[in-house]
Amino acid sequence: MQQHANHLPSTTGIREQPTSATNHPLASAIVDAPKERGNRFGEARDFGSSVGKGVGGSVEGRKLATGSHRIMAEAEVELSALAVEVERLRVQGATAIFVAIDRKADGPLAIAVRIKVAAPPAIRACGRQSFASRRAHGLRSVGDTARIIAMELTEAIYGRRATRAFTGETVTRPVLERLVDAAIQAPSAVNEQPWDFVVIQNALLLDRISVAAKAHMLEAMDSGTYPHWLRESMENPDFHIFYHAPALIVISVSAGGWAAEHAALAAENLMLAAYAEGLGSCWIGFAQRWLETTEGRRAIDVPEGFVPVAPIIIGHPAGTTPPVPRKPAHLRWATTQPTVMSAISTL
Ligand SMILES: Cc1cc2nc3c(=O)[nH]c(=O)nc-3n(C[C@H](O)[C@H](O)[C@H](O)COP(=O)(O)O)c2cc1C
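Residues numbered from 1 in each chain as written. Predicted model: local features only at pLDDT ≥ 70, side-chain atom pairs only at ≥ 80, totals over all residues.

Chemist: What should I look at first to understand the overall build of the protein in this one?
Modeler: Secondary structure assignment for the protein yields 13 helices and 9 strands. Within the protein, the fraction of its 347 residues that count as buried is 29%. For the protein, restricting intrachain contacts to residue pairs at least 6 apart in sequence, the fraction spanning at least 24 positions comes to 72%. (Helix = DSSP H or I, 4+ residues; strand = E, 2+ residues; numbered from the N terminus. Buried ≥ 20, exposed ≤ 12 C-beta atoms within 10 Å, placed from the backbone. Contact = placed C-beta atoms within 7 Å.)

The following block contains the structure:
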């Protein structure tokens, strides 16, 4: 919204107040989000603001107002239909404000501080700040911070997708280092922290691994039953097991009882962190068996005493990947009926 005249029509409920171009973080977020989505901006007239309440004006002949419930009340905008949604957004840590068009509530607008999964030092620092200092950074309390982080985490858990198409853009070293840093925040049995990460960005090496891994899988298929599509993929010279991703991170783990668990926990952290960075990722199981061979270990220089477990491709996604529907959770609640209790002989 471009800001123009400084007086408001009374229908917006915002009293006249001179306004200048604002750097208020919430206002910037509201302006930046549609810009990022490529939305068209109409010209705003009769713009005005009311400190702590909101802003309003008219765009293409329609009266617009956005802000708190107080400004809506002054403009006599009925909000009851939005109350539940607004509360849900607030509980998730977003600042929820209202938008009204021609004095009718059009919907809530949620503004949240985007805290990247890979920004823990900033989050920790925030927890140590004084209340006044947090306010200055747009955070109202430590509780708010926690809720905002929770919302971002939920978004990452539900939004991450196995990505199989990438732009040619490389992923920079600092970004890859942040992904690895997120990976090593995973828990490990007896705090072993048994991970080794190797990043491969050489396209020729990735091509070679793809060819070798496919050949290895085809060999293995001779002595077992495998789905037809899998054999076809492995025989297809155009099928690249890494989908031409610009980077592959292989997580190896010190050999021991919990190798798979340790690798998988780090891998999920890494993939969620990649999502938070706007990147796509996919665990490539097709590469695993070959990477375990002597030739495979040598190709990626797996340290002695470690096993390569999780090959994960990383890159800038080309387009969006639709979500893969989940089967209903196979969830049961254990009972304490006598028959169940007596199944454990020591009870
Ligand atoms: C252990 C493991 C191995 C996988 N191997 C491959 C693979 O070799 N190639 C591939 O395209 N996707 C692979 N995937 C990705 C899965 O196909 C994908 O996670 C699944 O279809 C669900 O989609 P989503 O991750 O988008 O929710 C693998 C995933 C896991 C966890």
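Chemist: Would you explain the nonpolar core in this entry?
Modeler: One recurring pattern in soluble globular proteins: nonpolar side chains tend to sit buried together. Formed by 45 residues in total, the largest nonpolar core has its most connected members in Leu248, Ile251, Ala267, Leu270, Ile312, Ile313 and Ile314. Counting residues per element, the ones that place at least two in this core are α7 (173–183), β6 (195–200), α8 (203–221), β7 (247–254), α10 (259–276), β8 (280–283), α11 (288–291) and β9 (306–315). With 11 residues, the single largest contributor to this core is α10. With residues up to four places along the chain from it excluded, the contact list for alanine 267 reads Ile251, Trp283, Ala310 and Ile312. (Core = buried A, V, L, I, M, F, W, Y, C linked by C-beta atoms within 7 Å.)

Chemist: Please clarify how the packing of α8 against helix α9 (residues 228–235) should be interpreted in this entry.
Modeler: How two helices sit against one another is set out by the angle between their axes and by the gap between those axes. Between α8 and α9, whose axes approach to 9 Å, the crossing angle comes to 140°. Classified by the interaxial angle, the pair formed by α8 and α9 is oblique. Considering the relative orientation of α8 and α9, their crossing is left-handed. Between α8, through Lys214, Met217, Leu218 and Met221, and α9, the contact on the second element is made entirely by Arg231, Met234 and Glu235. (Axes fitted to C-alpha atoms, helices over the stretch in contact; angles between N-to-C directions. Parallel < 35°, antiparallel > 145°, perpendicular 65-115°, else oblique. Left-handed = near helix turned anticlockwise from the far one by under 90°.)

Chemist: What is the right way to read the sheet that holds strand β4 (residues 95–101) from this model?
Modeler: Across a sheet, paired strands are connected by hydrogen bonds in the backbone, their directions being either parallel or antiparallel. Spatially, the 5 strands line up as an open sheet ordered β1-β2-β3-β4-β5, and their pairing is antiparallel. Two strands close off the open sheet at either side, each with one partner strand: β1 (44–50) and β5 (104–111). Neighbour-to-neighbour, the strand axes of this sheet turn through a mean angle of 15°, independent of strand direction. Inspection of the sheet shows β1 paired to strand β2 (residues 54–59) by 5 bridges, in the antiparallel sense. Counted as the bridge partner of glycine 48 is glycine 56 from β2. (Pairing = 2+ DSSP bridges.)

Chemist: Sorry if this is basic, but what is going on with the sheet that holds β9 here?
Modeler: What the 4 strands build is an open sheet, ordered β6-β7-β9-β8; its pairing is antiparallel. Each end of this open sheet is capped by a strand with a single partner; those strands are β6 and β8. On average, each strand axis in the sheet is tilted by 25° relative to the strand beside it, whichever way the strands run. The strands that α7 touches are β6, β7 and β9; relative to β6, the one it contacts most, it runs at about 160°.

Chemist: Help me out: how do you make sense of the pairing of β2 in this one?
Modeler: Each regular strand displays side chains that alternate between the two surfaces of the sheet. Across the 6 residues that make up β2, a large majority, 5, are buried. Linking β1 to β2, which pair antiparallel, is a turn of 3 residues; within it glycine 52 sits at a positive phi near 80°. Inspection of the sheet shows β2 paired to strand β3 (residues 62–67) by 6 bridges, in the antiparallel sense. Directly across from valine 59, in β3, lies its bridge partner arginine 62.

Chemist: Which parts of the structure should I look at to understand unusual backbone geometry?
Modeler: Outside of glycine, negative phi angles account for most residues, and trans bonds account for most peptide bonds. Positive phi, normally seen in glycine, also occurs at asparagine 191, with a value near 50°. With respect to the element layout, asparagine 191 can be found in the loop between α7 and β6. Under the C-beta neighbour-count criterion, asparagine 191 is labelled exposed, with 7 such atoms within 10 Å. Positive phi is not limited to glycine here, since glutamine 193 has a value of about 45°.

Chemist: Even after reading the chapter, I still don't get the confidence of the model for the protein, so can you show me in this structure?
Modeler: Reading predicted coordinates in detail is not appropriate for stretches of low pLDDT. Here the protein averages 81 in pLDDT, and 79% of its residues register 70 or above. Segment residues 1–21: pLDDT under 50, and 61 contacts once partners within four positions in sequence are set aside and those in other chains are kept. Within the model, the stretch residues 126–142 combines pLDDT values under 50 with 13 contacts to residues more than four positions away or in other chains. (pLDDT = per-residue confidence, 0-100.)

Chemist: What should I look at first to understand the packing of α7 against α10 in this one?
Modeler: Running from N to C, α7 and α10 cross one another at 140°; their axes reach a closest spacing of 7 Å. Comparing their axes, α10 and α7 come out oblique. In the packing of α7 onto α10, the handedness of the crossing is right-handed. Every residue of α10 that contacts α7 at Arg178, Leu179, Ala182 and Ala183 is listed here: Ala266, Asn269, Leu270, Ala273 and Ala274. Of the residues contributing to the contact of α7 with α10, the split by class is 7 nonpolar, 1 polar and 1 charged. (Nonpolar A, V, L, I, M, F, W, Y, C, P; charged D, E, K, R; others polar.)

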